[in-house]
Amino acid sequence: VALTLLSVVAISAQVLRLGKCPQPAVQANFDANRYIGKWYEIHKLPTSFQKGQCATANYTLLSPGVIEVLNTELLDNGTVNAIVGSAKVKNPAEPSKLEVSFNNSPPGPYWVLSTDYDGHSLVYGCTDYGLFRVELSWILSRKPTLSKETLEKLQGILYSVGVSVENMVPTNQDETYCSPVNQ
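Residues numbered from 1 in each chain as written. Predicted model: local features only at pLDDT ≥ 70, side-chain atom pairs only at ≥ 80, totals over all residues. Heavy atoms only, no water.

Asks: With reference to specific residues and values, describe the state of the cysteines.
Replies: For the coordinates displayed, the defined rule picks out two disulfides. With a sulfur-sulfur separation of 2.1 Å, C54 is cross-linked through a disulfide to C178. The sign of the -80 degrees torsion about the S-S bond sets the C54-C178 disulfide as left-handed. Of this pair, C54 sits in strand β3 (residues 53-63) while C178 sits in the segment after β10 (169-170), and the two are 124 residues apart along the sequence. Overall, C178 belongs to the buried group, its relative accessible area being 0%. Take the cysteines of the protein chain that form disulfides and number them in order along the sequence; they join up as 1-3, 2-4. (Disulfide = S-S within 2.5 Å. Helix = DSSP H or I, 4+ residues; strand = E, 2+ residues; numbered from the N terminus. Buried < 20%, exposed > 50% of the residue type's maximum accessible area, 1.4 Å probe, protein only.)

See the structure below:
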């Protein structure tokens, strides 16, 4: 079973690591009302379900503890790909730990480790699979760019909890290239 899982995960370009998921500190006093709106993806750990560039996430508060998620990306063939899902707070005592699901998929962890609401957000998710874990992480910005200092600070937070930041890849947010997504 572990070998089958290993090959499936390896093929799907996820970041597979040996050991259990870390339990990083999350954003204190998380305020979903301030978090809603549009975020641009700046860096991410590679995933099997995101294949494009110019990725954005638009969050809309549906009800207390429930956020609609609209993820959009530009595929290599010029097609705009979009998917709608929802993020739900699992435990009201920890509002920065959300679970996101798309198209009735099993919910996955979406933990806001750090945000200033107006500039940056650092998101982390990890799922244990026996001896291995699969990690997801995104560095988001309210603008298509993020200062090098902020990027390094957020990568430092990930590094401190054992995330392989060297595996993160930048997302193309060039204004001209991304114009089909940003209309």
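Asks: Account for the UniProt feature "domain: Lipocalin/cytosolic fatty-acid binding" (unreviewed entry) in the protein chain, with residues named and values stated.
Replies: The UniProt record marks residues 31-171 with the feature "domain: Lipocalin/cytosolic fatty-acid binding" (unreviewed entry), using the residue numbering of this structure. Measuring from the first to the last C-alpha atom of residues 31-171 gives 26 Å, for a span that is 12% helix and 52% strand. (UniProt positions renumbered as here; feature names shortened; annotations may be inferred.)

Asks: Help me get a handle on the packing of aromatic side chains, residues and values and all.
Replies: Geometry of an aromatic ring pair is reported as the spacing of the ring centres plus the angle between the planes. This structure, assessed with the given rule, holds five aromatic pairs. Between Y35 and W39 the ring centres are 5.2 Å apart and the planes differ by 35 degrees, which places this aromatic pair in the tilted class. By relative accessible area, which is 0% here, W39 ends up buried. By way of ring pairs, the aromatic residues F30, Y35, W39, Y59, Y110 and Y117 are connected into one cluster. Here the guanidinium or amino end of K97 rests over the ring plane of W111, the centre of that ring lying 4.1 Å away. (Phe/Tyr/Trp six-rings, centres within 6.5 Å; stacked < 30°, edge-to-face > 60°. Lys NZ or Arg CZ within 6 Å of the ring centre and 35° of its normal.)

Asks: Would you mind going over the confidence of the model for the protein chain in detail, with residue names and values included?
Replies: In this model, the protein chain carries an average pLDDT of 89, and 92% of its residues clear a pLDDT of 70 or more. Here helix α1 (residues 2-11) stands out as the element of the protein chain with the lowest mean pLDDT, 40, in contrast to strand β2 (residues 37-44), whose mean of 97 is the highest. Scored below 50 in pLDDT, residues 1-13 makes nine contacts in the model with residues more than four places away or belonging to other chains. (pLDDT = per-residue confidence, 0-100. Contact = heavy atoms within 4.5 Å.)

Asks: Any chance you could break down the nonpolar core for me, citing the residues and the numbers?
Replies: One finds Y35, Y59, L98, Y110 and L140 to be the most contacted residues of the largest nonpolar core, which totals 18 residues. For this core, the secondary structure elements donating two or more residues are β3, β4 (66-74), β6 (97-102), β7 (108-115) and β9 (132-141). Among the nonpolar cores identified, the runner-up in size contains 15 residues, and I42, W111, L113 and L122 belong to it. (Core = buried A, V, L, I, M, F, W, Y, C linked by side-chain atoms within 4.5 Å.)

Asks: Give a detailed account of unusual backbone geometry, specifying residues and quantitative values.
Replies: Positive phi values are uncommon outside glycine, yet N29 reaches one of about 50 degrees. The backbone phi angle of C54 is positive, close to 60 degrees, even though this residue is not glycine.

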